[in-house]
Amino acid sequence: MRIRRVPSPPRMARFHIPGPALPSPRLRGRGWRSWRGPRTWAGVDRRPPSVRRGRSRPATNATTSAGAQPGTHTEPLGSSADPGPYPRSSPCTMDWQPDEQGLQQVLQLLKDSQSPNTATQRIVQDKLKQLNQFPDFNNYLIFVLTRLKSEDEPTRSLSGLILKNNVKAHYQSFPPPVADFIKQECLNNIGDASSLIRATIGILITTIASKGELQMWPELLPQLCNLLNSEDYNTCEGAFGALQKICEDSSELLDSDALNRPLNIMIPKFLQFFKHCSPKIRSHAIACVNQFIMDRAQALMDNIDTFIEHLFALAVDDDPEVRKNVCRALVMLLEVRIDRLIPHMHSIIQYMLQRTQDHDENVALEACEFWLTLAEQPICKEVLASHLVQLIPILVNGMKYSEIDIILLKGDVEEDEAVPDSEQDIKPRFHKSRTVTLPHEAERPDGSEDAEDDDDDDALSDWNLRKCSAAALDVLANVFREELLPHLLPLLKGLLFHPEWVVKESGILVLGAIAEGCMQGMVPYLPELIPHLIQCLSDKKALVRSIACWTLSRYAHWVVSQPPDMHLKPLMTELLKRILDGNKRVQEAACSAFATLEEEACTELVPYLSYILDTLVFAFGKYQHKNLLILYDAIGTLADSVGHHLNQPEYIQKLMPPLIQKWNELKDEDKDLFPLLECLSSVATALQSGFLPYCEPVYQRCVTLVQKTLAQAMMYTQHPEQYEAPDKDFMIVALDLLSGLAEGLGGHVEQLVARSNIMTLLFQCMQDSMPEVRQSSFALLGDLTKACFIHVKPCIAEFMPILGTNLNPEFISVCNNATWAIGEICMQMGAEMQPYVQMVLNNLVEIINRPNTPKTLLENTGRLTSPSAIPAITIGRLGYVCPQEVAPMLQQFIRPWCTSLRNIRDNEEKDSAFRGICMMIGVNPGGVVQDFIFFCDAVASWVSPKDDLRDMFYKILHGFKDQVGEENWQQFSEQFPPLLKERLAAFYGV
C-alpha cells in the first residue's frame, strides 16, 4: 500500500444525535458539548476554561452596531456639523447635560431601532454611523441608560447596549471626559431599581474593564466591593452582578501582580455572602468564586477548605440557581482539587444522585456533569462501583425525551421533506486540511475515531439532560466495561420492547451509548438485538427511526464481521430505504449511519454498488439544503471505501452527472463548495482515469479559487481598512481537490499543470501564514511530484528551503505533509538531492527522536502506528539517494528509525526506506552496531520483501554474524524474543 492523504471532513451530521435546542441565557462552559455520537462523544470534550466561563450577553438589535469611529469630529452633538437638527449641548464634563432637542431625537432613534421594518432598520443604521462621528453621542447614550427613568426599560437598556458596542469597537478613541462621564454614571447607578438596567450597566462596566481599563480604573473594584455592604438590595445585587461579569471576563488578570492581586481581598469577601439572606446574592457569590476554580487561583486555594465547607452548607438550598452553582463548583473541584473532596466522596456522590433527579432540569443537568468528570478520574471505579445500582437507573431515566423536547423537535411531524431548511438549520462547517497517513499492521483500538472533530458553538445550545445522561453512560461504560451490564441489562429489555415509543426510543439510545465500552459483553446478545434494531428502522415514529440509525452505526464494526447475508445486507437495505425517508431528521441520521457502515464494510459493498448509487443519486433530487451536504459526505466516503471498484462506466454514468450539475450551480463564493469539493476529491481519487472526462473544468476552477483567494489576501494585507480578510477555506478545499486529481489521474494531470500557473500559486501557498493552507500545499506538492515531476523539478531550489523551515513538530500536520513531500522529491531527484540533504536532515533526525510526537498524525481508517514513521521513511529515502551524506548520522537515528517502521505493512515506501538504511549501513556499519537488535527486529517485520532487498538483509545479517563470531552471535541472539529468533532463522539462516 502507498502513503495516502486522508481528508478529514467534519461529518457533523454523522455524530449528531437528534435532540432539542434548548436556548439558555448563558453559554456556560463546564459541560456544554455538542452531541456527535461515537467520535467526539466518547472522549467527552473538555472546553478550555476561557470557554467554560463564557457567557452570552443580551444581543443588541440589528441596528446597534457601532458604525463609524467616534472622535473623528470634535463638535458636540447639535453643532453646525451635526447631521441632524440637534441644538448644541453642553461641553463634555462630569456634570454634562444633554440638549433637550438632541435628546428627543436620540430617543426617537432608539424607538425606531426596535422596528421590525427592514427599511427603517437601514435608515437607523445609517443615522447611527453618522452620530458616532460625534464623541458626545456616547454621553447621550449613557444619560438615557442611567438617568432617563421616565423612559421604558427596553429603550434604556438598548441605549446601553449600543454604547457597549461603541465601547467594544472604539473605546480607545473616546475623549477622556466622555470616558470619565460614562464610568462615573455606571458606578453611580449600579443600584438602579430595574434588574434589566442593573444587568445592562454591569455588562457595560465589564466591557470597559476588558478594554484594558481594570488597570486604568483603580477605583472600580474597591467601589464595587464596598457597594456589596450596602443595605439597599438593588445596590448590593447590581454590584455583585457587575463583579460576576468582571470575574468571568478577567479572571486571569484579577489573579495577577498587574492589579496587585485583588483576589486576596475579593475571595474572602465573596465567601462572606454565601450565607446572605437573598438567594440571588448567594448565587452571585458562588458564581464569582467558581470563576477561579479551574485556574487554581492562589487566593482561592488559600481558602479552599472554607469554600468547600460553605458549599456543603448550601447543598440543600431552596433556590435552584444556588443549587446549580453548588453542583457546578463541585464538578470543577472534582477536576482540579479532588484531594479535598475524597474524604467526603461518599456523601458527595449521594448528593449528586439526588441532584441528578432535581425537579429543576438546569440543576439536574449540572449535577449530571459530575459523572462525566468523575469518569475521567483514576479513583472512579473505586468510589463509584458500589453506587452503580442507584446511578444507572437514574441516567437511563434521564435519557427519555421530555415533553418540551418532543415539541421543540416537532416529534409529532412525520413527513417534512418538502419543507425548506431555515438558515439556522444549517450550521457553519469548517474544512479540515489533508494530512499524510501511513498504512500498517496495528490492530484497531476501541474508539479510535475522528476524535479531532471540533465542538461548534451552535451545538452548545443543544446540550440537555438527555444527552448529558447518555454521554455519562457512555464514558462510564468505557470505565466499567462489562461490569456495567448486570445493572443495565434487566432495564434494557423492558425499554427496547416497551409499547410507548418514547420509552423504546430511550432504550435504543441506551444500547447505542454502551456500544463502545460494553461491546465484548454485548456480543452474545447482538444476534437477537441487531434484527430488532433493523426492524425499528421501519417504526412509525420518526424519532425512533432516527435513533435506530445511530445505534446501528455504533455496532457497524460487529455487523461487518459477520457473514454478509446475516446482518450486513439487511442493514444496508433498510438504511438505504431510510436515506429516502420522508422525514428530514431520519434522512440525516440514515445518511450518516450509512457513511459509517461504508467505512467499516469497505469493499464488502462492491457487489451492491449499483443499488447504493441508485439510492444516493435519487436522494439528490429529494434532499433539502442541510441533508444535501451530508449526502456529499456519504458519497465521498463510499469512494474512499471502495476505491477503484467505482471506476466502471455504469457507475460513473450514474454518479457524475448530478455531482457536476451541483458543481455548475454553485458560485465560487458559496460555502457549499466545501463539502462538494471534498466529495469530488475522494471521487476523483477513486475513479482514476474514469474522471478524465470531467477533469479540465474542475481543475481550472480549483486553480481559479486558489488564485482569487491569494489575490484577496494580498489586497487585505495591503489595505486592511478597505478589504475584508478572505475565507481561506476556499483555497484549502481547492488545493485538496487538486491533490485528489493528481493522485487519481497520475500522469494524465501533466497537461493540465502545463497549461496553468499552479506552481507559482503553490509557491505562495507554501508560505501562507495559515498552517492549514501550508498543510494542503505540501500534500499537493507531494502528489504533483509523483504525477508530473517535470513541472516540479525547476522549482526545487525555491521549494526545498520552505519545506525545511516547515519541519516544525509544533504544527504537526504541516510538518507531516512537508516531510512526506521531501521523501517523494527524493525518489524523483536521485543523487541530485545532495545539495539539499543538510537543509532537512538535522530537523528530521530531531523529529524522529522526539519522545511524544502526537499520534493523530498517522491515523488511517482508525488505525494508529508509530508517530515517527513518515520521518523515518523520508530519512531512509534520503539515505537511499545520498547515502554518503546521511550515513554519518546513522547512530543518531537508527533505533527510533527501526521501531518506527516495524509495524508498517510491506509497501513501496517501506521498501525504498529499507534500501536506504541498508546502503547507509554499507557506508557506516559502525553506526548500527550498538542497536543491531533493533535492526534485526525491523528486518523480521517484513512478510515478503523483494528478492534483491532480501539479499541485502541477508548480507548485512551474515556479515555481522561473521564479524563477531559464532559464539558471540549465539550470546547476542539469546536476547531475541522467540518469535524474532524463529523468523530470522527461517528467512535468513541466522
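On a predicted model such as this, the values are computed, not experimentally measured, just so you know.

A. Geometry of the pattern of salt bridges. By the definition in use, this model includes 41 salt bridges. One salt bridge connects E505 with R466, and the closest N-O pair in it is separated by 2.9 Å. One end of the pair, E505, is in helix α26 (residues 501–513); the other, R466, is in helix α24 (residues 465–480), with 39 residues separating them in the sequence. The exposure class assigned to E505 is buried, which follows from its relative accessible area of 0%. Members of the salt-bridge network, linked through shared partners, are D305, R337, D339 and R340.

B. How the structure looks around helix α53 (residues 978–988). Within α53 the residues assigned to the buried category are L980, L984 and Y988. The buried residues of α53 all sit within an arc of 30 degrees when viewed along its axis, so they share a single face. Every exposed residue of α53 that faces more than 90 degrees away from the buried side is listed here: P978, L979, E982 and A986. Summarising the contacts, the buried residues of α53 are in contact with α50 (932–940) and α51 (947–964). Of the residues one or two after α53, G989 is the one with positive phi, at around 65 degrees.

C. Structural view of the side chain of Q244. Within the secondary structure, Q244 is located in helix α10 (residues 233–249). Judged by relative accessible area, which is 10%, Q244 ranks as buried. At 2.6 Å, the side chain of Q244 forms a polar contact with the side chain of H284.

D. Summary view of the packing of helix α21 (residues 388–398) against helix α25 (residues 485–496). Close contact between α21 and α25 brings their axes to 9 Å; oriented N to C, the two are set at 30 degrees. Put simply, α21 runs roughly parallel to α25. The way α21 lies across α25 gives a crossing that is right-handed. The residues of α25 that touch α21, namely those facing L388, V389, I392, P393 and V396, are H487, L488, L491 and L495. Taken together, the residues of the contact of α21 with α25 sort by class into 8 nonpolar, 1 polar and no charged.

E. Broad picture of unusual backbone geometry. Its identity as a non-glycine residue notwithstanding, R296 has a phi of 50 degrees, on the positive side. Since its relative accessible area comes to 44%, R296 is described here as partly exposed. A positive phi angle, near 50 degrees, is found at R481, a position not held by glycine. When you line up the elements, R481 lands in the loop between α24 and α25.

F. Region of the structure containing the nonpolar core. Counting residues in hydrophobic clusters, the biggest one holds 325 residues, and the most contacted among them are W371 and F691. For this core, the element with the most residues is helix α38 (residues 729–745), which contributes 11 residues. Not counting residues within four places of it along the chain, the set of residues in contact with F691 comprises M656, L680, V683, A684, V698, L741 and L745.

G. Quick look at the environment of A831. Note that A831 resides in the loop between α44 (812–829) and α45 (837–848). Among the residues examined, A831 registers a relative accessible area of 60% and is labelled exposed. Along the backbone, A831 and P883 are 52 residues apart, and their C-alpha atoms lie at a distance of 9.3 Å.

H. Spotlight on the side chain of D192. Considering the arrangement of structural elements, one finds D192 in the loop between α7 (176–188) and α8 (195–216). A relative accessible area of 5% places D192 in the buried class. Among the polar contacts made by the side chain of D192, one reaches the main-chain amide nitrogen of S194 at a distance of 2.8 Å. Discounting residues that sit within four places of it in the chain, D192 has contacts with T146, K149, R156, I197, R198 and N234.

I. Just a nonpolar patch on the surface, in detail. On the surface, a nonpolar cluster with roughly 290 Å² of combined accessible area is contributed by I404, I407 and L408. With respect to the helices and strands, L408 occurs in helix α22 (residues 403–408). Looking at L408, the relative accessible area reads 40%, which means it is partly exposed.

J. Focus on the packing of aromatic side chains. If you walk through the whole model with that rule in mind, you get 27 aromatic pairs. A centroid spacing of 5.0 Å and a plane angle of 75 degrees characterise the contact between W96 and Y140, whose relative ring orientation is edge-to-face. Of this pair, W96 sits in the loop between α2 (49–52) and α3 (100–112) while Y140 sits in helix α5 (residues 137–146); the two residues are 44 residues apart in sequence, bridging distant segments of the chain. For W96, a relative accessible area of 0% gives the class buried.

K. Inspection of the environment of I348 at higher detail. Here I348 lies in helix α18 (residues 345–355). When the C-alpha positions of I348 and C327 are compared, they lie 9.8 Å apart, and in sequence the two are 21 residues distant. Not counting residues within four places of it along the chain, the set of residues in contact with I348 comprises F312, L341 and F370.

L. Inspection of the state of the cysteines at higher detail. Summed over the entire model, instances satisfying the criterion amount to 0 disulfides. For the unlinked cysteine C277, the closest cysteine sulfur is that of C236, found at 8.9 Å. Note on C277: relative accessible area 70%, which makes it exposed.

M. Focus on the packing of helix α15 (residues 304–313) against helix α16 (residues 320–336). In contact at an axis separation of 10 Å, α15 and α16 are set at 140 degrees when each is read in the N-to-C sense. On the basis of the axis angle, α15 is oblique to α16. Considering only the axes of α15 and α16, their crossing is left-handed. Here I304, F307, I308, L311 and F312 of α15 come into contact with α16, specifically with V326, A329, L330 and L333. Residue classes in the contact of α15 with α16 are distributed as 9 nonpolar, no polar and no charged.

Rules used throughout
Residues numbered from 1 in each chain as written. Predicted model: local features only at pLDDT ≥ 70, side-chain atom pairs only at ≥ 80, totals over all residues. Heavy atoms only, no water. Salt bridge = Lys/Arg side-chain N within 4 Å of Asp/Glu carboxyl O. Helix = DSSP H or I, 4+ residues; strand = E, 2+ residues; numbered from the N terminus. Buried < 20%, exposed > 50% of the residue type's maximum accessible area, 1.4 Å probe, protein only. Arc of directions from axis to C-beta. Contact = heavy atoms within 4.5 Å. Polar contact = N/O pair within 3.5 Å; in protein donor to acceptor, adjacent residues only side chain to side chain. Axes fitted to C-alpha atoms, helices over the stretch in contact; angles between N-to-C directions. Parallel < 35°, antiparallel > 145°, perpendicular 65-115°, else oblique. Left-handed = near helix turned anticlockwise from the far one by under 90°. Nonpolar A, V, L, I, M, F, W, Y, C, P; charged D, E, K, R; others polar. Core = buried A, V, L, I, M, F, W, Y, C linked by side-chain atoms within 4.5 Å. Patch = residues over 30% accessible without salt bridge, like charges linked within 9 Å, V, L, I, M, F, W, Y side chains within 5 Å. Areas by Shrake-Rupley, 256 points an atom, 1.4 Å probe, with all protein chains shown as cover. Phe/Tyr/Trp six-rings, centres within 6.5 Å; stacked < 30°, edge-to-face > 60°. Disulfide = S-S within 2.5 Å.

Any functional reading would require information that these geometric values do not contain.
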